[in-house]
Amino acid sequence: MSLALVVGTANPTLGDAIASALGVDRHPCIAERFPDGEIRVELGGTLRGCDVFVVQPTAPPVGDSLLELVLLGDAARRAGAARTVAVIPYFGYARADRRTGEGQPLAARLVGDLIGCARFDRAITVDLHTPGVEGLLPMPVDHLSAIPTVVAALAARAPEDAVIVAPDLGGAKRADAFARRLHRPVAVVHKTRISGRQVETHGITGDVAGRTPILVDDMISTGSTIVASIEALRAHGCTAPAIVAATHGLLVGPARERLAKLAPAHVVLTDSVAHDASGLPEHVASIAPLLADAIRRIHERRSLADLLHVS
């Protein structure tokens, strides 16, 4: 059975890197927009009897990226693929895994159902915002961890006096995973989210005075959480420029300007979503080798145990 790699429009650069790591060419694919906004996809060549891996993060614009993923998956199945696998480096709506009010949808479940409409046989994700989202998808999920990739990029940039900081309680386990690998202490910022754009901090657990903070998170969207955390850390005695690291660097809206004003020493991100030139001291650690390894193992029916995210 041959392997076919279909790459959507959300992050073609990552798709090219995965193809290079696998030693294959991208499968011929057309994905374009009609003037009214409808998406048209068409797969060329033959896919009959192939293992087809569709690479498409549901990055902004999330709705378009999500629908394109579903259309590509359906096209591959209808073209006779023996097995289809959705490779979703960034999974949008993972923050909406629960309802906090009576009039709210369970958006993560609905997104999982929509992806399920394409009848993918498996899905590959990376550092879901909430690991429990895996249970909201109707197909088996291989939830990979980019922590070793980001740690490797931080190792040469982390001073001896560094402290690994979780910007909220939900990221404490993640920070602990970084701290164990980097052999540094841990601190946690206590945060309350007021809205999707505004947060408040209420204190810090851990010794941060006189240390260089390394803030680690799964994603940076508007940057409000990171900015509030750095300001709180400085108020508690951190004087050196902060280092910021995350798997998913969405950096939407005013995020780049907010971070630039705080002059971080380094911003380490992966290429799970496409990046534009930013003016930040940014280092991009590629997850293409991680995804290529997972794809190859699935194709060859081998274990992914050492690549998986541990919650």
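Residues numbered from 1 in each chain as written. Predicted model: local features only at pLDDT ≥ 70, side-chain atom pairs only at ≥ 80, totals over all residues. Heavy atoms only, no water.

Draft legend 1. The arrangement of the environment of Leu-66 in detail. Along the polypeptide, Leu-66 turns up in helix α2 (residues 62–78). Using a relative accessible area of 6% as the deciding quantity, one classes Leu-66 as buried. Leu-66 sits 51 residues away from Gly-15 along the chain, and the two C-alpha atoms are 16 Å apart. If we skip the residues at most four places from it in the chain, Leu-66 touches Thr-58, Val-111, Leu-114 and Ile-115. (Helix = DSSP H or I, 4+ residues; strand = E, 2+ residues; numbered from the N terminus. Buried < 20%, exposed > 50% of the residue type's maximum accessible area, 1.4 Å probe, protein only. Contact = heavy atoms within 4.5 Å.)

Draft legend 2. Inspection of the side chain of His-248 at higher detail. Following the sequence through the fold, His-248 ends up in strand β12 (residues 243–249). Among the polar contacts listed, one links the side chain of His-248 to the backbone oxygen of Val-126, at a separation of 3.0 Å. Each residue touching His-248, except ones within four places of it in the same chain, is listed here: Pro-89, Tyr-90, Val-126, Asp-127, Asp-218, Met-219, Ile-220 and Ser-272. (Polar contact = N/O pair within 3.5 Å; in protein donor to acceptor, adjacent residues only side chain to side chain.)

Draft legend 3. Up close: the nonpolar core. Val-52, Phe-91, Ile-115 and Phe-120 are the most contacted members of the largest nonpolar core, which totals 31 residues. Within the residue set of this core, elements represented by two or more residues are β1 (3–7), β3 (39–43), β4 (51–55), α2, β5 (83–88) and α3 (107–116). Looking at which element gives the most residues to this core, the answer is α2, with five residues. Contacts of Val-52, omitting those with residues within four sequence positions, involve Ala-4, Val-6, Leu-47, Ala-76, Ala-81, Arg-83, Thr-84 and Val-85. (Core = buried A, V, L, I, M, F, W, Y, C linked by side-chain atoms within 4.5 Å.)

Draft legend 4. Spotlight on the pattern of salt bridges. Taken as a whole and judged by the stated rule, the model has 19 salt bridges. The residue Arg-83 makes a salt bridge to Asp-51 at a minimum N-O spacing of 2.8 Å. Of this pair, Arg-83 sits in strand β5 while Asp-51 is found in strand β4, placing the two residues 32 residues apart along the sequence. Of the residues examined, Asp-51 reaches a relative accessible area of 1% and is grouped as buried. The shortest N-O distance in the salt bridge between Arg-256 and Glu-282 comes to 3.6 Å. Remark: Glu-282 occurs in strand β14 (residues 282–285) and Arg-256 occurs in helix α7 (residues 255–261); sequence separation between them is 26 residues. A relative accessible area of 21% places Glu-282 in the partly exposed class. Connected via shared salt-bridge partners are Glu-32, Arg-40 and Glu-42. (Salt bridge = Lys/Arg side-chain N within 4 Å of Asp/Glu carboxyl O.)

Draft legend 5. How the structure looks around the pairing of β1. Taken across its five residues, β1 has four buried, putting it largely inside the fold. Direction of pairing for β1 relative to β4: parallel, over a ladder of five bridges. Each bridged residue has a counterpart across the sheet, and for Leu-3 the counterpart in β4 is Asp-51. (Pairing = 2+ DSSP bridges.)

Draft legend 6. Structural context of the packing of helix α4 (residues 147–155) against helix α5 (residues 172–182). The geometry of α4 relative to α5 is characterised by a closest axis approach of 10 Å and an angle of 50° between their N-to-C directions. Judged on the interaxial angle alone, α5 and α4 are oblique. Between α4 and α5 the crossing geometry is right-handed. Of the residues in α5, those in contact with Ile-147, Pro-148, Val-150, Val-151, Leu-154 and Ala-155 of α4 are Arg-174, Ala-177, Phe-178, Arg-181 and Leu-182. In terms of residue class, the contact of α4 with α5 is built from nine nonpolar, no polar and two charged. (Axes fitted to C-alpha atoms, helices over the stretch in contact; angles between N-to-C directions. Parallel < 35°, antiparallel > 145°, perpendicular 65-115°, else oblique. Left-handed = near helix turned anticlockwise from the far one by under 90°. Nonpolar A, V, L, I, M, F, W, Y, C, P; charged D, E, K, R; others polar.)

Draft legend 7. Quick look at the side chain of Arg-174. As for its position among the elements, Arg-174 is in helix α5. Ignoring any residue separated from it by four or fewer positions in sequence, one finds Arg-174 in contact with Ile-147, Val-216, Asp-217 and Asp-218.

Draft legend 8. Up close: α2. An ideal rise of 1.5 Å per residue puts 24 Å on 17 residues; α2 measures up with 24 Å between its terminal C-alpha atoms. At the exit of α2 stands Gly-80, carrying a positive phi of roughly 100°. (Expected span 1.5 Å × (residues − 1).)

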